[in-house]
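# Secondary and tertiary structure notes
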Amino acid sequence: MTAKASPKLVAVGDNCLDAYLTNGLLTVGGNALNVAAQWRRNGWSARYFGAIGEDTEGEIVFAELATVGLSPSDVERLPGDTAVTLLRDQSGERKFLHESFGVGENYMPAPEHYAHIAAADWVHLGTNSNKELVRRLVADHVSFSVDISTAHLLLPLEGVSLLFASGPNDADTPVEPLLGALRAAGARQVVLTCGRRGSYFDNGTSIVHAAATPVDVVDTCGAGDSFIATFLTTFCCDKLSAAEALHRASVAAAETCTHLGGFPQKPRPIPDWLLAKYASSIIDAQGA
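Residues numbered from 1 in each chain as written. Predicted model: local features only at pLDDT ≥ 70, side-chain atom pairs only at ≥ 80, totals over all residues. Heavy atoms only, no water.

## As for helix H2 (residues 56-67)
- For H2, built from twelve residues, the straight-helix expectation of 16 Å at 1.5 Å per residue is met to within 8% by its first-to-last C-alpha distance of 18 Å.
- Within H2, burial applies to Glu57, Gly58, Ile60, Val61, Glu64 and Leu65. End-on, the buried residues of H2 take up no more than an arc of 155°, which puts them together on one face.
- Just downstream of H2 lies glycine 69, where phi reads positive at about 85°. (Helix = DSSP H or I, 4+ residues; strand = E, 2+ residues; numbered from the N terminus. Expected span 1.5 Å × (residues − 1). Buried < 20%, exposed > 50% of the residue type's maximum accessible area, 1.4 Å probe, protein only. Arc of directions from axis to C-beta.)

Spelled out as structure tokens, the structure:
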């Protein structure tokens with residue numbers, strides 16, 4: 001699909017290999033990479049900046065970038081390991097057995113990459129983002145979002161344009177205290193995703209709710225990233241209402257739940273060398 005001429009969208013941060021031990025398959029993922037991949041497959045002009053190791057795992061990530069239209073030259077190769085996540089499926093729900101952040105942990109873009117990032121129309125930071133990068137984007141008046149998942153108050157949130165966070169799935173647990181805490185910490189707008197309970201948007205004036213989209217789940221990995229990618233283009237770029245953006249994002253998340261991985265790709269068999277490398281983590285998880 002031909003990329004739309006504008007706006008310029010950039011995702012920054014995490015990537016990983018997701019190893020599904022239940023079925024022996026491997027996909028490429030990570031919040032920031034998944035968001036950029038979803039933008040590209042939906043025709044938006046998008047770039048992804050991150051870091052991978054100078055290892056075989058990094059070569060797999062490197063190869064997948066080109067298949068979704070992202071430039072491998074935007075990714076830094078650093079000495080060390082590429083991030084790997086070991087998962088086991090339990091009725092469509094992912095269970096993490098091992099999670100490493102590799103050389104992408106606390107990723108700070110090189111100066112030449114940061115210049116492109118700061119010039120974008122919208123920037124999204126993946127999970128486990130660098131605190132100083134958050135502060136720098138705020139200081140440089142860059143419009144950006146960040147996904148904090150369940151680490152609700154670990155990053156400096158003062159001045160963050162839009163925050164994505166995981167909220168309570170239990171319908172008996174009110175969302176208002178968490179929304180209020182995140183906005184009190186400085187986030188200007190907050191989106192909470194609460195699983196089957198749906199999603200909530202708070203801009204300080206009103207709270208908007210949208211129901212989750214029913215789906216027969218194959219895999220939930222990356223569904224939240226598809227939600228973020230769609231919400232950002234519909235709300236921040238197309239300027240649709242928060243209610244419509246939440247709804248479209250929910251539909252996108254449900255579609256991602258129908259296949260393995262955070263974006264459509266051909267899963268690879270998990271190589272024997274990767275299983276051997278993380279054998280101790282697998283054994284420890286099985287004994288837990």
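Having put the structure on the table, let's press on.
## Some thoughts on the packing of helix H6 (residues 223-237) against helix H7 (residues 242-256)
- Following both chains from N to C, one finds H6 and H7 inclined at 145°, their axes separated by 7 Å at the closest point. As for how H6 packs across H7, the hand of that crossing is right-handed. Only Ala242, Ala245, Leu246, Arg248, Ala249, Ser250, Ala252, Ala253 and Thr256 of H7 make contact with H6, whose side of the interface consists of Ala223, Ser226, Phe227, Thr230, Phe231, Thr234 and Phe235.
- Of the residues assigned to the contact of H6 with H7, the class counts are ten nonpolar, five polar and one charged. (Axes fitted to C-alpha atoms, helices over the stretch in contact; angles between N-to-C directions. Left-handed = near helix turned anticlockwise from the far one by under 90°. Contact = heavy atoms within 4.5 Å. Nonpolar A, V, L, I, M, F, W, Y, C, P; charged D, E, K, R; others polar.)

## Some thoughts on the state of the cysteines
- The tally for this structure, following the rule as stated, stands at zero disulfides.
- Considering cysteine sulfurs only, cysteine 257 is the nearest to cysteine 194, which forms no disulfide, with 15 Å between them.
- Lacking any disulfide linkage, cysteine 221 is separated from the closest cysteine sulfur, that of cysteine 16, by 6.9 Å.
- Its relative accessible area of 5% is what places cysteine 221 among the buried residues. (Disulfide = S-S within 2.5 Å.)

## Quick look at the sheet that holds strand S12 (residues 199-202)
- The nine strands are arranged S5-S4-S1-S8-S9-S10-S11-S12-S13 in an open sheet whose pairing can be described as mixed. Looking at strand neighbours, the two that pair on one side only are strand S5 (75-78) and strand S13 (207-210), the edges of this open sheet. On average, each strand axis in the sheet is inclined to that of its neighbour by 15°, with strand direction left out of account.
- Here strand S9 (residues 144-149) pairs with strand S10 (residues 162-166) via four bridges, running parallel. Counterpart to serine 149 in the pairing with S10 is alanine 165.
- In this fold helix H5 (residues 176-184) packs onto S9, S10, strand S11 (190-193), S12 and S13, with an angle of close to 145° to the strand it touches most, S11. (Pairing = 2+ DSSP bridges.)

## Focus on the packing of helix H1 (residues 31-41) against H6
- The contact between H1 and H6 brings their axes to 8 Å, and the two run at 50°. Overall, the two elements H1 and H6 adopt an arrangement that is oblique. With respect to the hand of their crossing, H1 and H6 are arranged in right-handed fashion. Contacts from Asn31, Asn34, Val35, Gln38 and Trp39 of H1 reach H6 at Asp225, Ser226, Ile228, Ala229, Leu232 and Thr233.
- Tallied by class, residues from the contact of H1 with H6 come to five nonpolar, five polar and one charged. (Parallel < 35°, antiparallel > 145°, perpendicular 65-115°, else oblique.)

## Some points on the environment of asparagine 169
- Assignment of secondary structure puts asparagine 169 in the loop between S10 and H5.
- Distance in space between the C-alpha atoms of asparagine 169 and serine 199 is 9.9 Å, their sequence separation being 30 residues.
- Residues within four places of asparagine 169 in sequence aside, it is in contact with Cys194, Gly195 and Arg197.
- For asparagine 169, the side chain forms a polar contact with the main-chain nitrogen of glycine 195, separated by 3.4 Å. (Polar contact = N/O pair within 3.5 Å; in protein donor to acceptor, adjacent residues only side chain to side chain.)

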